[in-house]
Structure formats: C-alpha cells, structure tokens
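Below are the chains, spelled out letter by letter.
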Amino acid sequence: MSEIITAEKMVAGGDCIGSINGKKVFIPYAIPGEKLEVEITNEARDYCNSKIINVIEPSSKRTVPFCPLYTNCGGCNMQHIESSFQRELRSGILKDAFEHEGIEIPEIEVVYGQDKGYRSRFQFHNGGLMGKRSNDIIPLEMCPCATEEINHYLKEVPFEQRPEGRVHVFGTSRISNIPEGFDKIVIAENTESERQSKKFNPRQKTTPGGRKLKKQKQIKARYEGTTLNEATLCQVELCGKKLNFDIQGFFQSNLDVLEKAIPLVTGGLKGKNVLDMYSGCGTFSVFLADSFEKVTMVEHNKSALVFAEQNMAGKKHESFGLSGAVWTKYHAENVIKTGGNFDAVVIDPPRSGMEKEVCQWLQKSEIPHIRSVSCDIATHARDVKFLLRAGYRLEKLYLLDFYPQTGHIESLAILEK
C-alpha cells in the first residue's frame, strides 16, 4: 500500500526524511519540499524506510540523471539533483552536524571542482562495481564520474577479461611516473595466493554444486606493503610537488579538489615545529616542510609511512609508525622536551575521528593553530566541540566537495587559540 508524504529535509547520507502518522520515514532519491507517493519497504520501531513510487510535485531542482546505471550502481545517490543545489544541501547537512553539537559556525565556504569526470580511484569487484545495497556485480563500460583514463581502461578491456576479485585502479593525467604516450593508469591485480584461494568462478552467484555464495572474510596482516611494490607504485604531481603512494592504500580520488584544499590546510602556517597527525603518505607534510624547520609525522599504517619517508626525503622530519594514542602517551612529551612545542598541527583522522587520547592531548597542548580535516561530519563536529571547550575558536569551516553526485561530505575546520 502506498502513502503520500512530503520530503522535509535531507540528512547525512543523502536520503530525505518525512513523516507518516508521526513516524520518521527515510526517502532515498527525494529532494526537500517534494510531494511524493512512496511505498514502505521496511518498518522499525521508530522509523521506516521507503521507496518512491511517484513524484507528485517535483522540485524545480530535480534533473534527469546522466548515468544509465543510476540507482543500480552503489556509487552516486544525488544525480537527480542539480549540481549547485547538491552543494547547498551538503553544506546544510554539515551545518546541522555542527549545530547538533551546540557549535555556532561561521558561513561555510565550499571548495569544489568538476561535477563529472573527476574520480581517479576505483575498486572494481570482479570487473564491475558493487550494486546499491547488495553484493551484485554491476558490469560497466564507462562511468561518467570517472576520469578519461579510467574510462579508457573500461572501454578497452571487456568486462569478461578484467581481473577477478577486488582490484584497485588509479588513473589520471597527473600520474608522473608513467611516461607521456603511455596509458596513465596503475592497476593492482590480486596476488597469486588470492587467486589460488578461489574455488569457483567469482562472477557466478552459486558454487559449481549450486549452493549460494557466502561472503568470505579476508584476514590481512596488521601492516601490509612495507616493502615497496613497483607494480602498484603511483606518483602524482600536485601543486608543483610529486607525491608517491601505493594505490592499494588510501589516496584522495578527486585531485582537482585536493589541489585546492592543500593551500587551505597548510597555507598561512610557519614556525619551527609542526605536527602532522594521521599523516598517511605525507600529502600535507611535504607542503608543511616549506614553512617549518621540522615536521613530525604520526601514522599507524607503516605501509603509508614507507611512502611518507620517500616523499619527505631531504626535508627535516621525524616519523612514528604508531597510533595517535600510543604516540601521545609515550612519545609526545619527549619530542616536545627535545625539540620544543609545536607551532601548529594538521590532523586528518579516519572516519571514527580523533582517538580520545589525541583529542585530550590537543586540548591541553596550547598549540596555537589547528587545521582539522575529516571524512565524517559527525565525528568532526564532536571533536571540534571538545577543542572549543578547551579555548579554541572556530575561525573557518569548509565543505571539501570531493565526491559530487553523492551524499559523502568531507570538511576542514580552522581553529585558533
């Protein structure tokens, strides 16, 4: 049975919410203000999920999705919305997250780039992409959000001939370790041991005996890739500097927006010592080294630190292959005692946010400048709240629009004391 509902607002993740008989209803692919006919797909104690049957009164911001796989592919979920209004909606969600923590925010500034053709990093599964809320594999010959280099690969290599399993691919004209005239793409195929572990064709949904496939848990070593692998090494040029990383690790996929964000994160800072907490492969550190006598990097992923050391060669620095919690407990005091306090800190934690020990240490640190980057608005707002209680001021808040056409939001907070 269908219901009539008005979409009231968009929430984190990109769904809208409305209400039926006082109960909250989540509505994917809606736009605030629209009148909709929906069908309830499942019902919990205090909320329902739904799907749109008919858009009765569409928003003036509704547009025709440009990808034929939209709603089937597990990637985009905002293609039905005009791009500039998408950014307004994502800004509103970011604002709500900070206000939910009682934070009064300055006007949000949006850092954005192209709406399509921006994504240089993909994980393909058995040659395709994962389906929306499913383990189905979606074959594709092109992705409108992908770079030309990725789409050239998808066009030239038929679906049936692509590597099996989960395959990391990175393609962009900014790759500098591949000579001009060659395809600017790096592909990390499965290891031999992974291939040998397969007992069936992973493109099938059943085993040869007819049983349904079960998802196999992959157990990884605590630290992988601490030996350089030439086959998966990638070097890109950003803001005039060359950065090395392994495509099997993390690196931003929207390099145009990253190039715009780097000066906001690292610019206007200078002094003797700077801390790059959760430094990864040193993306920010290589720029901080231009303005500070010494850079201290803390990163628990030793794979990433292999490349951070490579990227920081010739620059005065110190690196710790430890979690932030361990570093603050056992090393921070001695680093400050021998080298002096930090003049600034750049911090870019995982989705879970700053470790409690790191946040508590920062509150007591008296470091005058904090540039806080985050890929999760809820944990970002939580962490900023604690820093504000310790006497910091939120001077600026940026929406870093790395993933247009999606509900994913990254942000930068500039804090001063």
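Residues numbered from 1 in each chain as written. Predicted model: local features only at pLDDT ≥ 70, side-chain atom pairs only at ≥ 80, totals over all residues. Heavy atoms only, no water.

Quick notes on the confidence of the model for the chain
Point 1. Of all residues in the chain, 91% have pLDDT values of 70 or greater, and the mean over the chain is 91.
Point 2. When the criterion is pLDDT under 50, residues 191-225 qualifies, and its contacts beyond four places in sequence or with other chains add up to 32 contacts. (pLDDT = per-residue confidence, 0-100. Contact = heavy atoms within 4.5 Å.)

Side note on the nonpolar core
Point 1. With 62 residues, the main nonpolar core has Phe 124, Phe 170, Val 236 and Phe 251 as its most contacted residues.
Point 2. Sort the elements by how many residues they give to this core and helix H4 (residues 255-266) lands first, with 6 residues.
Point 3. When near neighbours in sequence (up to four residues on either side) are disregarded, Phe 124 contacts Leu 129, Leu 140, Ile 150, Tyr 153, Leu 154, Gly 165, Arg 166, Val 167 and Val 169.
Point 4. One finds Met 277, Val 298, Phe 320 and Ala 332 within the second-largest nonpolar core, a separate group that totals 52 residues. (Core = buried A, V, L, I, M, F, W, Y, C linked by side-chain atoms within 4.5 Å. Buried < 20%, exposed > 50% of the residue type's maximum accessible area, 1.4 Å probe, protein only. Helix = DSSP H or I, 4+ residues; strand = E, 2+ residues; numbered from the N terminus.)

What to know about the environment of Gln 123
Point 1. Note on placement: Gln 123 falls in strand S8 (residues 121-125).
Point 2. Gln 123 gets classed as partly exposed once you look at its relative accessible area, which sits at 28%.
Point 3. Between the C-alpha atoms of Gln 123 and His 168, which are 45 residues apart in sequence, the distance is 4.6 Å.
Point 4. Setting aside residues up to four positions removed in sequence, Gln 123 forms contacts with Gly 128, Leu 129, Arg 166, Val 167 and His 168.
Point 5. A polar side-chain atom of Gln 123 sits 3.5 Å from a polar atom in the side chain of Arg 166. (Polar contact = N/O pair within 3.5 Å; in protein donor to acceptor, adjacent residues only side chain to side chain.)

What to know about helix H2 (residues 148-156)
Point 1. When we look at burial in H2, the residues that qualify are Ile 150, Asn 151, Tyr 153 and Leu 154. Around the axis of H2, the buried residues are gathered within 155° of arc, so they sit on the same side. Those residues of H2 that are exposed and aimed more than 90 degrees away from the buried face are Glu 148 and Lys 155.
Point 2. At its buried positions, H2 is contacted by S8, strand S11 (166-171) and strand S12 (185-188). (Arc of directions from axis to C-beta.)

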